[in-house]
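# Report on the structure
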Amino acid sequence: MKQELMTVVSNHQLAPKIFELVLTGQLVKQMHHPGQFLHLRVPQADLLLRRPISINQINQENQTVTLIYRVQGQGTQVFSQLQAGDQLDCMGPLGNGFSLEGVHAGDEVYIIGGGIGIPPLYELSKRLIEKGVQPVHFLGYANGEVSYYIDEFQALGRTLIATDDGSIGFKGNVGQLLDDYLSKNTEMPKAVFTCGNNGMLKKVESLFYQKVADVQLSLESRMACGMGACYACVCHKKDDPTQQASVKVCDEGPIFQAGTVIY
């Protein structure tokens, strides 16, 4: 993990409250694993805590990293006003990324994302395809208006969409989409990778845990330091009846195997 004043290449809106931020800097050379995140300092003196933003794309050739974030508070509102040439204090890459060691060429895997949990899955899918793995994407949005990156995922492989109001694709949430798909396709994938809110993660875990050996969940959590020092983002381990043992989402996660943590 390192820290650098990275330079903004571009920052534009993809959908209501959803922005794509491209940064460049030497820090990109340290970024190798999909699923990691950057800890960004808000360029405003009264906002002290950094904001964790997952890495959407890594381009070593151009030395750029792409982040997708949702404006949902004062800090991210400040991010949305950044312009090309501005500098942003970045720490990272932080956390443990998705493990690709258990899948091989010809394997089919499921990539499942909901809302703002979708961005890190794009780099993951690209890396899996480089290995010859065949991904099936299941993406959930509130509605068509707030959807983004659908074309990008479709360009990588089979992509099924769910919207709560049915304005695009399947009507319902991504968990209901999975129920519908699995009722017609009973063969299990080699691995499952997912990122989204806790409700979605619990649904994915209920569908695939103990049926698929490799089910990786990317947890979302509020963080303070981002490095494991402050214990602000802990969750308890499932195999501990005393509920005293815990893990930190920031440095021991954010990726965990299904069945290992309580969230």
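All of the points below concern the structure found in this document. Since the model is a prediction, treat every value here as computed from it, not as a measurement. (Residues numbered from 1 in each chain as written. Predicted model: local features only at pLDDT ≥ 70, side-chain atom pairs only at ≥ 80, totals over all residues. Heavy atoms only, no water.)

### Quick look at the nonpolar core
Counting residues in each nonpolar core, the largest one holds 25 residues, and the members touching the most others are Val109, Leu124, Leu128 and Phe193. At the level of secondary structure, the elements contributing two or more residues to this core comprise strand 7 (108-114), helix 2 (120-130), strand 8 (134-141), helix 3 (150-156) and strand 11 (191-195). No other element matches the 4 residues that helix 2 contributes to this core. Discounting residues that sit within four places of it in the chain, Val109 has contacts with Val103, Leu128, Val133, Gln134, Pro135, Val136, Pro189, Ala191 and Phe193. Val42, Ile55, Ile58 and Val78 belong to the second largest nonpolar core, which has 24 residues in total. (Core = buried A, V, L, I, M, F, W, Y, C linked by side-chain atoms within 4.5 Å. Buried < 20%, exposed > 50% of the residue type's maximum accessible area, 1.4 Å probe, protein only. Helix = DSSP H or I, 4+ residues; strand = E, 2+ residues; numbered from the N terminus. Contact = heavy atoms within 4.5 Å.)

### Structural notes on the sheet that holds strand 10 (residues 170-171)
Spatial ordering of the open sheet is given by 10-9-8-7-11-12-15, a layout of 7 strands whose pairing is mixed. The sheet is open, and its two borders are formed by strand 10 and strand 15 (255-257), each paired with just one other strand. Two elements, strand 8 and strand 9 (residues 158-163), share 6 bridges in a ladder whose sense is parallel. Bridge pairing links Tyr141 to Thr163 in strand 9. (Pairing = 2+ DSSP bridges.)

### Describing the side chain of His137
Tracing the backbone through its elements, the reader meets His137 in strand 8. For His137, a relative accessible area of 0% puts it in the buried group. Residues contacting His137, with those up to four places away along its chain left out, are Ile111, Ser125, Phe153, Leu156, Gly157, Arg158, Thr159 and Leu160.

### Some points on the pattern of salt bridges
Counted by the stated rule, this structure contains 5 salt bridges. Note that Lys126 and Glu123 form a salt bridge whose closest N and O atoms lie 3.7 Å from each other. Taken together, the residues span about one helical turn, with Lys126 and Glu123 both in helix 2 at a distance of 3 residues. The exposure class assigned to Lys126 is partly exposed, which follows from its relative accessible area of 23%. (Salt bridge = Lys/Arg side-chain N within 4 Å of Asp/Glu carboxyl O.)

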